[in-house]
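Architecture and fold: a report
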Amino acid sequence: MQILLANPRGFCAGVERAISIVERALEKFGAPIYVRHEVVHNRFVVDDLKAKGAVFVHELDEVPDGATVIFSAHGVPKSVRAEAERRDLKVFDATCPLVTKVHLEVERHRKAGREVIMIGHRGHPEVEGTMGQWPDGMYLVENVADVATLKLGAGGTAPPLAYVTQTTLSVDDAAAIVAALKARFPDIVGPKKDDICYATQNRQDAVRRLAQQCDVILVVGSPNSSNSNRLREVAEQQGVKAWLIDRAAEIRPEWFAAANAVGVTAGASAPEALVAEVVAAVAKLTGAPQPEIAQEDEGVRFPLPKGLD
Ligand code: SF4
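In this text the structure is predicted, and so the values were computed from the model without any measurement.

Here the focus is unusual backbone geometry. P8 follows N7 through a cis peptide bond whose omega is 0°. By secondary structure assignment, the location of P8 is in the loop between β1 (2–5) and α1 (13–29). P32 follows A31 through a cis peptide bond whose omega is -5°. With respect to the secondary-structure elements, P32 resides in the loop between α1 and β2 (33–36). One non-glycine residue, H37, lies in the positive phi region at around 75°. Mapped onto the elements, H37 comes out in the loop between β2 and α2 (43–52).

On to the side chain of Q166. As for its placement among the helices and strands, Q166 is situated in the loop between β8 (161–165) and α7 (171–184). A distance of 2.8 Å separates a polar atom in the side chain of Q166 from the backbone nitrogen of H121. Among the polar contacts listed, one links the side chain of Q166 to the side chain of T168, at a separation of 3.4 Å. Excluding residues within four positions of it along the chain, Q166 makes contact with M118, I119, G120, H121, H124, E126, V127, D195, I196 and S226.

Turning to the domain arrangement of the protein chain, a few remarks are in order. As far as domains go, the protein chain holds domain 1 (2–11 + 198–286), domain 2 (13–95) and domain 3 (98–184). Distance from the C-alpha centre of domain 2 to the C-alpha centre of domain 3: 27 Å. On the side of domain 3, 11 residues touch domain 2, which itself brings 9 residues to the contact. Of the roughly 770 Å² buried between domain 2 and domain 3, counting both surfaces, carbon and sulfur atoms make up 56%. Interface area lost by domain 2 to domain 3 is led by H74, K78 and T95, which between them contribute 57%.

Turning our eyes to something else, we now look at empty space enclosed by the protein. Applying the stated rule across the entire model yields 1 cavity of 30 Å³ or more. Roughly 290 Å³ of internal volume is contained in the largest cavity. Along the wall of the largest cavity there are 23 residues; nearest its centre are C12, V15, H74, T167 and T168. Elements with a contribution of two residues or more to the lining of the largest cavity: α1, α4 (97–111), α8 (198–211) and α9 (226–237). It is α8 that provides the largest number of residues to the lining of the largest cavity, a total of 3 residues. Across the lining of the largest cavity, the residue classes break down as 11 nonpolar, 11 polar and 1 charged.

Further remarks concern the side chain of S226. Position of S226 relative to the elements: it lies in helix α9. With near-sequence residues (within four places) excluded, S226 lies in contact with H121, H124, Q166 and T168.

What follows deals with the packing of aromatic side chains. Note on aromatic pairs: each is described by the distance of the centres and the angle between the planes. All told, the structure shown has 2 aromatic pairs when counted by the stated rule. Geometrically, the ring pair formed by F29 and F92 is stacked, given 5.7 Å between the ring centres and 20° between the ring planes. In this pair, F29 is assigned in helix α1 and F92 in strand β5 (residues 90–93), connecting sequence segments 63 residues apart. For F29, a relative accessible area of 37% corresponds to the partly exposed category. Given a relative accessible area of 6%, F92 falls into the buried group. Measuring from ring centre to ring centre gives 4.2 Å for W243 and W255, while their planes differ by 10°; the resulting arrangement is stacked. Taken together, the residues span a long stretch of sequence, with W243 in strand β10 (residues 241–245) and W255 in the loop between β10 and β11 (261–266) at a distance of 12 residues. Exposure remark for W243: the relative accessible area of 22% places this residue in the partly exposed category. Over the aromatic face of W243 sits the side chain of K241, whose NZ or CZ is 5.4 Å from the ring centroid.

Analysis parameters
Residues numbered from 1 in each chain as written. Predicted model: local features only at pLDDT ≥ 70, side-chain atom pairs only at ≥ 80, totals over all residues. Heavy atoms only, no water. Helix = DSSP H or I, 4+ residues; strand = E, 2+ residues; numbered from the N terminus. Polar contact = N/O pair within 3.5 Å; in protein donor to acceptor, adjacent residues only side chain to side chain. Contact = heavy atoms within 4.5 Å. Domains from an automatic or database assignment. Buried area = accessible area lost by both parts, 1.4 Å probe. 1 Å grid on protein atoms, 1.4 Å probe; cavity = no way out; pocket = protein on both sides within 12 Å on 5 of 7 lines; lining within 4 Å. Points joined across faces, edges and corners; volume = space filled by probe spheres on them. Nonpolar A, V, L, I, M, F, W, Y, C, P; charged D, E, K, R; others polar. Phe/Tyr/Trp six-rings, centres within 6.5 Å; stacked < 30°, edge-to-face > 60°. Buried < 20%, exposed > 50% of the residue type's maximum accessible area, 1.4 Å probe, protein only. Lys NZ or Arg CZ within 6 Å of the ring centre and 35° of its normal.

So, in structure tokens, the structure goes:
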């Protein structure tokens with residue numbers, strides 16, 4: 001039995017930056033610091049920041065006047081920014097620059113008169129943020145079937161169209177939806193391929209490689225983490241049994257009964273400490289030697305916002 005680790009895995013540059021923004025704000029201004037929505041989708045990270053004095057809220061009406069508030073890495077609709085400004089809240093924006101890039105694409109397309117189809121998962125905060133960059137002319141599709149039933153424009157003829165995507169989609173699913181959009185709307189414009197970020201792409205490539213060598217894959221990540229769920233799906237699409245787990249305590253010994261090699265990876269919001277915890281637990285359960293924990297540096301860093309650097 002052996003344990004193999006995916007490379008790269010775990011924290012991306014956007015998540016590192018978002019956590020640093022909350023930590024620096026706490027150091028500089030003291031608790032409480034309000035954070036709209038889970039700053040990144042990981043229970044362990046959120047609990048750690050709560051213990052340091054961060055207060056997580058769903059909406060800005062839960063933030064007292066004059067307080068400091070941080071927007072999560074997933075981005076916010078324009079209406080939220082406007083409300084924060086109207087209420088004179090001190091804002092630090094932890095929106096990942098790669099999500100902001102998609103927001104700017106939406107704005108550019110709408111200003112050019114194109115209506116925008118977003119490919120993403122309904123209800124995810126990144127989708128709400130991106131769809132909220134313009135008050136009208138935005139449509140959401142979640143899958144290929146939605147493309148066929150999509151109703152556009154009032155007069156029955158399609159307006160000029162563009163598409164954008166959520167940054168954490170499955171690369172293969174997104175490609176199939178883009179192909180369906182191009183088949184139905186041949187003049188649609190969009191990014192070269194999609195807006196899936198480097199971290200999502202690299203982690204999916206890595207888990208696909210890992211699946212060639214393993215019988216079972218554990219994905220460390222929280223159930224509400226989009227990119228972690230996609231890693232589990234990508235592993236299963238390769239014919240490997242895969243489980244998404246937050247912590248080592250969720251591991252079941254029967255998962256490894258017929259396994260010769262167990263792979264471990266982690267979503268972009270899951271800390272390396274949890275990977276180490278899971279690897280140690282699998283080693284203890286199976287008697288497999290612990291692998292080298294080393295990680296590849298993807299060479300991407302995002303600066304902190306002004307006032308916190
Ligand atoms: Fe940014 Fe991608 Fe990380 Fe999301 S997963 S925070 S888009 S780098």
